[in-house]
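Listed below are the residues making up each chain.
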Amino acid sequence: MSPRSTVRTVSRRRFLRGVGGVALGLPFLESLAPRSARGSEQLAPKRFGVFFCCNGVNAARWFPTGSAGELTPARLTGTANEPLIPYADKLLFPRGVHMSPRGYNRDGGQADDHGKGMAHKLTAQFAEGEGWLAKGPSIDYVLAERINPGVDGARRPPLNLMVGDYRGEHGLGYISYSGRGRAVAAINNPWHAYSELIGANPAAGTSTEAEDRILRRRQSVIDIVNEQFEDLKRQRMSGDDRRKLEAHLSSVRDIERRIGETGLSCASPGAGDAAREYASSGVASADEARVLGEEAYADIADIQLDLFALSLACDYTRVATMHFGRGAGGPTFKWSGMNHEYNHHKLSHGKVRDNCFGDGTANGCADVPGYADMLFDIDRWHQERFARLLGKLAAYVEADGRSVLDNSVILYTNELSDGKAHSYTNLPYILAGSAGGYFAQGQVVALGEPANPFSERAPHNRLLNTLVNAMGVESDWFGAPEGTGGQTMQGGIYESLLSPSFQG
Amino acid sequence: MPRRASSSVGALVLVVGSAASGCDLSTSSGSYSSGPTPAPPPTAPSATPPVPAELVGPTRFVRLSHRQYENTVRDLLGVGEGISQGFAPDASNGFRFDTSDDLRVDARLGPQYRTAAESVAAMFIESEEAFERAVECDISEPACAAEWIDAFGARAFRRPLEPLEQERFVDLFTRGAELLAGADAGRDGVRLVVEAMLQSPQFLYRAELSTDASKDGGRLDAYAVASKLSYFIYDSLPDAALFAAAASSRLTDSEQIATQVRRMLSQPRARQKLLDFHAQALDFARFARISPDPTVYPEAPDDLGGRARVAAERYVAAVIDAQGGLRELLTAPYAYADEALAPLYGVTPEAPDGDWFRIDFASGERRGYLMQVGFLSANAHARKTDPIHRGLFVARELLCRNIPEPPPGATETPPPETDQPPRTTREETELLTGQPACSGCHRVINAAGFAFEGFDAAGRARDLENDVPVDTSGELEIDGELRAFSGPNELVELVANSREARACYASHWLQFALGRRLSGADEPWLARLAEPELAIEELVLHIASAPEFVTRAPLEMQ
């Protein structure tokens, strides 16, 4: 094979048509796992995922029926979560959790209810500034820095995917933060996401001789780049600048470390099938207008979720998020039997305009008849996507005989609970997968006051802290430091969510 | 160094604003200097690292923005259009312009830089046109190779290569045949060198170095000055004349720099940067939200937002061409329209379909940016005007007043019951915002917003709303004085002639140029830019030729 074609990644057009995807995409996707993942380290690492929806839910028809106890399929029948019935024995519904720091401006901080819903949900930190950006890192960044492939100080960041547009007013398009005020834009273009995954091993699938030459060439180039870095580091500079350059250099080292990792197989044999299915459904467009538009929204969501599953299965990352954009916005659903006239946010308020609140009809705030059913259809569509993701993860069997889903915990979370009221109590949460046996399964657990899911006894920062511990990272507290205004925040973990063998 | 990225400059602008607005500043937004944050309890290990005291400090190593990366690759190699599109978007840190100096390379972007460098290097050697334009001698000759490495390296790093670097890259070049085994060893060498240089920090960062702060007072060397000017005005590497000026030490005093800046401002790419500034400072992005209800505004064309953007760009360009400044932006008696926009101005199209033309308002019926269809319809609801957002723009974006977000619950509170329902948008807005919790800020916001009530949600002029004459009069505290105005023309005159607005506009320019928020240390500089009034190009010239611009920020050394 000529050197020219070995450095080329899959062309956009071939990706789009799904033609070259079979020929070129497959070997790449099958070869994502670093060698080390199969050898010296533990056989099946724990993974953490986030499935994030916006604008709240139709809360009357979302939760399992009845109160705490075993989650039978019947309890999901007729709810928006009905599509999850095949996985009922892998699910855990924590009930009565509220956001903390709280909404409705009870604990202060900048941002309106939507801004808080977006900024607080994965960070449990206050929002600040005109950008309404969170004051600290989100759980995906906290965990990736501890558990992702790489070495300390140079671990891979989480894979943050989304469908829709992250741009717009304030921080309503962001859920992830690498640090204070550092909102991370999720990848909304599946081509870019795909490129990132295969970019790890662009040499795979070429001849041994060409492959060897590419490796030596890359090593030679990186040697020079390293020397150029050393030159620069001899300059006097501030600590901030030194840290900035060190972080850059560690990404170069990450490239270097992975140079030799070509031609390996995914640890999970099922991933090959997934890649095949994915390649044949590779209809996404890399065209920005299509990515930001709504016509391909449903297709892009599915492709992103497939990449989400593959990235965890192949140990490209152990932390991934998927976010349906965006708070106080979202698409107008015109697919899967829906043919709405108004976008998700308007329907969440049951109004024909975005800036309406409550029940009044002044200022052109006319009601949308039947909006509650439309919301239910939207919720159900999201849960079908969630089921699709769980199905993929459950199908991959790992070296320890368990599925990727069993070794993971995927958190369903939403910006709000009842969208119309902008409510921050009684949040819809699902934990799918046991994180390697850590969490109880097939249960509904009342964490607040069993009789009152709207109580403020069970803050979400403690749920995030429980999830951190579930991944093997010891922590007593998550989110805004005590005493900074999060009046209902708590440390510790929710023991009642743990499987019997893990309970104290 | 100032440890708080706070708003002492803000103080210059905002204190005036606070006195004038009566807005309670205790809940001020926009500042990150909320003071030290209590640490978590010492006994509890926390998964959340401690909050840094400060978000952004002055840096000596400014990473190229994605746009700058792409422009620089294009100017260096003549290939690579769209190469930056797949780069991980930079984290948003709330800075209002896209020129932030606080850009990082994380584990995601690092590999993308490698992929991009490999791609453009391959494209470059495969494109006969690009390759032959950039490599003029026979690259298989060692002398030619060394010459090309020197020339290309000096442009890629924006300074001549050090002897050690030269050796390094020549050595890499000679390994081309071995490492690439292509048809042409010379091209293989070129490809390797391009790959390595484009991944080097000297390419990816603009370094603000001074040789010895104790001797040169922290003044940047000539090449760093050339780069800083070039990325400020061109968003790309220095052109040949600027490199030549740096090489011959003709960038050492303000006069020499000013000569270069004047020359650069006459180039088309400088115009693009001036437009980029205004697109951000005047929030052209808001045009995308324009959606007047066609049943109420049948004259409003399809894609009004897209047309409004073109019209605004043409208007700003015309103001720049006329050597105008902030005053002209706010008061020039003309606007641009195509066939579809013209009816909203009550004008019969003068030009064939698709052409743009200038409408002169000879009798002063409209003046300046705020009375053009774009601004008026972008700050409107679908069926009525939105005086709150029109006024908020004047207060926040033109006067830099610190207007906090509405207090909790404010937007959810229904207006008080009245015997006589409001007849106009102005009356309705007054009723809604007249409550004590709102009126402090809304006194300022509403006054500025109501001045434009003579223009409806599609930007058409009107005398009546619901058969009631519109009231566009009001009073506004500006430069510390309460001033009455009878309508929009008097309001924009007041704003355009105020020191407050000049300081605000200059502070936006300075932030845009420096890529950071301002601090107290910038105040004297800002004061010089605000007085006397400067044309837009003069303002750029003053910023770029100021001693502060070419002196690196004093930093703690470690």
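Residues numbered from 1 in each chain as written. Chains lettered and ligands numbered in written order. Predicted model: local features only at pLDDT ≥ 70, side-chain atom pairs only at ≥ 80, totals over all residues. Heavy atoms only, no water.

Engineer: Even after reading the chapter, I still don't get the overall build of chain A, so can you show me in this structure?
Structural biologist: Of regular secondary structure, chain A possesses 15 helices and 16 strands. Counting over 504 residues, chain A shows a buried share of 65%. When contacts within chain A are restricted to residue pairs at least 6 apart in sequence, long-range pairs at least 24 apart make up 71% of them. (Helix = DSSP H or I, 4+ residues; strand = E, 2+ residues; numbered from the N terminus. Buried < 20%, exposed > 50% of the residue type's maximum accessible area, 1.4 Å probe, protein only. Contact = heavy atoms within 4.5 Å.)

Engineer: Just checking my understanding: could you explain the overall build of chain B for this structure?
Structural biologist: Helix and strand content of chain B: 24 helices and eight strands. In chain B, which comprises 558 residues, the share counted as buried stands at 55%. For chain B, restricting intrachain contacts to residue pairs at least 6 apart in sequence, the fraction spanning at least 24 positions comes to 68%. As presented, chain B carries roughly 22,500 Å² of accessible surface, and 52% of it is formed by carbon and sulfur atoms. (Areas by Shrake-Rupley, 256 points an atom, 1.4 Å probe, with all protein chains shown as cover.)

Engineer: Explanation requested: the state of the cysteines in the structure shown.
Structural biologist: By definition, a disulfide links the sulfur atoms of two cysteine residues through a covalent bond. Residue and element names in this part refer to chain B. For the coordinates displayed, the defined rule picks out two disulfides over all chains. Two residues, Cys-137 and Cys-144, share a disulfide whose sulfurs are 1.9 Å apart. Because the torsion about its S-S bond is 80°, the bridge between Cys-137 and Cys-144 counts as right-handed. Looking at Cys-137, the relative accessible area reads 32%, which means it is partly exposed. By relative accessible area, which is 5% here, Cys-144 ends up buried. One disulfide in the model links Cys-400 with Cys-504; its S-S distance is 2.1 Å. Residues Cys-400 and Cys-504 share a disulfide whose torsion about the S-S bond is about 80°; that sign makes it right-handed. Taken together, the residues span a long stretch of sequence, with Cys-400 in the loop between α18 (387-398) and α19 (425-433) and Cys-504 in helix α22 (residues 499-514) at a distance of 104 residues. (Disulfide = S-S within 2.5 Å.)

Engineer: Is there a simple way to explain the nonpolar core in this structure?
Structural biologist: A general tendency of soluble globular proteins is for nonpolar side chains to be buried together. Ranked by internal contacts, the top residues of the largest apolar core, which has 112 residues, are Leu-229, Phe-232, Tyr-369, Leu-370, Phe-452, Trp-509 and Phe-549 of chain B. Per element, the largest residue contribution to this core is ten residues, and it comes from helix α15 (residues 304-321) of chain B. Not counting residues up to four positions away in its chain, the partners in contact with Tyr-369 of chain B are Leu-282, Phe-284, Phe-287, Ala-312, Tyr-315, Leu-329, Leu-330, Phe-375 and Phe-393 of chain B. Judged by nonpolar contacts, the second largest core, of 63 residues, contains Leu-159, Val-352, Phe-376 and Trp-381 of chain A. (Core = buried A, V, L, I, M, F, W, Y, C linked by side-chain atoms within 4.5 Å.)

Engineer: Sorry if this is basic, but what is going on with the confidence of the model for chain B here?
Structural biologist: For residues with low pLDDT, the predicted coordinates do not support detailed interpretation. Residues and elements named next belong to chain B. Per-residue confidence for chain B gives a mean pLDDT of 86, with 86% of residues at or over 70. Within chain B, no element has a lower average pLDDT than helix α1 (residues 8-21), which sits at 36, and none a higher one than helix α9 (residues 201-204), at 98. Of the regions scoring below 50 in pLDDT, residues 1-22 engages in 54 contacts with residues more than four places distant in sequence or in other chains. Every residue in residues 24-44 is under pLDDT 50, and counting partners more than four places away or in other chains gives 36 contacts. What the predictor reports for the complex is a pTM of 0.78 with an ipTM of 0.82. (pLDDT = per-residue confidence, 0-100.)

Engineer: I would appreciate a short explanation of the packing of helix α12 (residues 297-313) of chain A against helix α14 (residues 371-395) of chain A in the present structure.
Structural biologist: Packed helix pairs are characterised by how far apart their axes lie and by the angle those axes make with each other. Residues and elements named next belong to chain A. Orientation of α12 relative to α14, taken along the N-to-C sense of each, is 30°, at an axis distance of 9 Å. Between α12 and α14, the angle falls in the class roughly parallel. Crossing of α12 over α14 shows right-handed handedness. Contacts from Tyr-297, Ala-298, Ala-301, Asp-302, Leu-305, Asp-306, Phe-308, Ala-309 and Leu-312 in α12 reach Trp-381, Arg-385, Arg-388, Leu-389, Lys-392 and Leu-393 in α14. A class-by-class count of the residues in the contact of α12 with α14 yields ten nonpolar, no polar and five charged. (Axes fitted to C-alpha atoms, helices over the stretch in contact; angles between N-to-C directions. Parallel < 35°, antiparallel > 145°, perpendicular 65-115°, else oblique. Left-handed = near helix turned anticlockwise from the far one by under 90°. Nonpolar A, V, L, I, M, F, W, Y, C, P; charged D, E, K, R; others polar.)

Engineer: So what exactly am I meant to see when it comes to helix α3 (residues 109-126) of chain B here?
Structural biologist: In an α-helix there are 3.6 residues to a turn, and that puts residues three or four apart on one side. Between its terminal C-alpha atoms α3 of chain B stretches 26 Å, which fits the 26 Å expected from 18 residues at 1.5 Å a residue. With 13 of 18 residues buried, α3 of chain B lies mostly within the body of the structure. (Expected span 1.5 Å × (residues − 1).)

Engineer: How do you make sense of the pattern of salt bridges when you look at a structure like this?
Structural biologist: Counted by the stated rule, this structure contains 71 salt bridges over all chains. As a salt-bridge pair, Glu-118 of chain B and Arg-218 of chain A come within 2.6 Å of each other at their nearest N and O atoms. Note that Glu-118 of chain B is positioned in helix α3 and Arg-218 of chain A in helix α8 (residues 208-233), a pairing that runs across two chains. Residues Glu-118 of chain B and Arg-218 of chain A agree in their burial class; the two are buried. (Salt bridge = Lys/Arg side-chain N within 4 Å of Asp/Glu carboxyl O.)

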